[in-house]
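This is what each chain is made of:
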Amino acid sequence: MMDGSDLSSDTRRGFVSQGWTRISQIYQGLLDKWTPHSKSRWAVALLLILLFVLRVFLKQGWYIVTYALGIYHLNLFIAFLTPKIDPAMDFDGDDENGPALPTRSTEEFRPFIRRLPEFKFWLSVTKSTIFAFFCTFIDAFNIPVFWPILVMYFITLFCITMKRQIKHMMKYRYLPFTHSKPKYKAVDSAVTVN
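None of these values were measured; they are calculated from a predicted model.

1. Observations concerning the side chain of Thr-82
So, point 1. Looking at where Thr-82 falls in the secondary structure, it is placed in the loop between helix H3 (63-81) and helix H4 (118-135).
So, point 2. When its relative accessible area of 5% is taken as the criterion, Thr-82 is described as buried.
So, point 3. For Thr-82, the side chain forms a polar contact with the main-chain oxygen of Ile-78, separated by 2.6 Å.

Printed below as a string of structure tokens:
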């Protein structure tokens, strides 16, 4: 038999669960509304990054947080540039038998599918920048370091990583961007057949 305290705790759990579900629905609805507006999304993300950099510059601290954010964004960018099915994955130890992207017009067309889709890339950049921004309000994260060393490390890591990624793109002949790829016009559906 249930007493009054068990009933009230179940009611509270149900209320909290319903509240959390509603907050999740509102959050997902906002994300769904932002999905088609990629330029606006990226403008907001860049604004957040600029606000973060401005705060770090004005407060003269939190360089470790900035370095960690930079490395995280670099990892996201590399995942964004990498195909979902990596042609470098070779199961037999022979480059000829592994999965490959089409290199001739007679081969099967396979669209470039990213390991990290653009929307998830934007969402991760935005969330991480907001998280790092709030970390700048906590003095425990303001570890004194000689920031030029961190800048040199980041530039070196960026150059090495991008060099490797560009070599990968050249070796397997893929381009992760669509701005220079041919675009085809839609066929008019009002064509009459005689």
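Now that the structure has been shown, we can carry on.
2. A short note on the packing of helix H2 (residues 38-59) against H4
So, point 1. Orientation of H2 relative to H4, taken along the N-to-C sense of each, is 25°, at an axis distance of 10 Å. One way to sum up the angle between H2 and H4 is to call them roughly parallel. Note on packing geometry: the crossing formed by H2 with H4 is left-handed. Of H4, the residues touching H2 (which contributes Ser-38, Arg-41, Trp-42, Ala-45, Leu-48, Ile-49, Leu-51, Phe-52 and Arg-55) are Glu-118, Phe-119, Phe-121, Trp-122, Val-125, Thr-126, Thr-129, Ile-130, Ala-132 and Phe-133.

3. A short note on the UniProt feature "transmembrane region" (unreviewed entry) in the protein chain
So, point 1. Mapped onto the present numbering, the UniProt feature "transmembrane region" (unreviewed entry) falls at residues 42-58, 64-82 and 145-162.
So, point 2. Strand forms 0% of residues 42-58 and helix 100%; the C-alpha atoms that close the span are 24 Å apart.

4. With respect to the pattern of salt bridges
So, point 1. Inspection of the entire model under this criterion finds 1 salt bridge.
So, point 2. The partner of Glu-118 in a salt bridge is Arg-41, with the nearest N and O atoms 3.0 Å apart. Of this pair, Glu-118 sits in helix H4 while Arg-41 sits in helix H2, placing them 77 residues apart in sequence.

5. Quick notes on unusual backbone geometry
So, point 1. Look at Gln-60: it is not a glycine, yet its phi comes out positive at around 55°.
So, point 2. By the secondary structure assignment, Gln-60 is in the loop between H2 and H3.
So, point 3. In this structure, Trp-62 takes a positive phi of about 60° despite not being glycine.
So, point 4. When you line up the elements, Trp-62 lands in the loop between H2 and H3.

6. Regarding the packing of H3 against helix H5 (residues 147-172)
So, point 1. Between H3 and H5, the least distance of the axes is 11 Å, while the angle of their chain directions is 5°. When the interaxial angle is binned, H3 and H5 end up roughly parallel. Together, Tyr-63, Ile-64, Tyr-67, Gly-70, Ile-71, Leu-74, Phe-77, Ile-78 and Leu-81 of H3 and Trp-147, Leu-150, Tyr-153, Phe-154, Leu-157, Phe-158, Thr-161, Met-162, Gln-165 and Met-169 of H5 make up the contact between the two elements.
So, point 2. The residue makeup of the contact of H3 with H5, split by class, is 16 nonpolar, 3 polar and no charged.

7. Examining the nonpolar core
So, point 1. In this structure, Leu-76, Leu-81, Leu-116, Phe-121, Trp-122 and Val-125 are the most contacted members of the largest nonpolar core, which totals 17 residues.
So, point 2. Looking at this core, the elements that each hand over two or more residues are H3, H4 and H5.
So, point 3. Per-element tally for this core: the top contributor is H3, with 6 residues.
So, point 4. With 9 residues, the next largest nonpolar core counts Val-56, Trp-62, Leu-69 and Ala-132 among its residues.

8. Observations regarding a nonpolar patch on the surface
So, point 1. Among the surface-exposed residues, Leu-47, Leu-51, Leu-54, Phe-57 and Leu-58 lie close enough to one another that they form a single nonpolar patch of about 530 Å² accessible area.
So, point 2. Mapped onto the elements of the fold, Leu-54 is located in helix H2.

9. Some points on the packing of aromatic side chains
So, point 1. Under the counting rule described, the total for this entry stands at 10 aromatic pairs.
So, point 2. Ring centres of Trp-34 and Trp-122 lie 6.0 Å apart, and the angle between their planes is 15°; on these two criteria the pair is classed as stacked. Of this pair, Trp-34 sits in helix H1 (residues 4-34) while Trp-122 is found in helix H4, placing the two residues 88 residues apart along the sequence.
So, point 3. Here the aromatic rings of Trp-42 and Phe-121 are separated by 5.1 Å at their centres, their planes lie at 55°, and the arrangement is tilted.

The rules behind these values
Residues numbered from 1 in each chain as written. Predicted model: local features only at pLDDT ≥ 70, side-chain atom pairs only at ≥ 80, totals over all residues. Heavy atoms only, no water. Helix = DSSP H or I, 4+ residues; strand = E, 2+ residues; numbered from the N terminus. Buried < 20%, exposed > 50% of the residue type's maximum accessible area, 1.4 Å probe, protein only. Polar contact = N/O pair within 3.5 Å; in protein donor to acceptor, adjacent residues only side chain to side chain. Axes fitted to C-alpha atoms, helices over the stretch in contact; angles between N-to-C directions. Parallel < 35°, antiparallel > 145°, perpendicular 65-115°, else oblique. Left-handed = near helix turned anticlockwise from the far one by under 90°. Contact = heavy atoms within 4.5 Å. UniProt positions renumbered as here; feature names shortened; annotations may be inferred. Salt bridge = Lys/Arg side-chain N within 4 Å of Asp/Glu carboxyl O. Nonpolar A, V, L, I, M, F, W, Y, C, P; charged D, E, K, R; others polar. Core = buried A, V, L, I, M, F, W, Y, C linked by side-chain atoms within 4.5 Å. Patch = residues over 30% accessible without salt bridge, like charges linked within 9 Å, V, L, I, M, F, W, Y side chains within 5 Å. Areas by Shrake-Rupley, 256 points an atom, 1.4 Å probe, with all protein chains shown as cover. Phe/Tyr/Trp six-rings, centres within 6.5 Å; stacked < 30°, edge-to-face > 60°.

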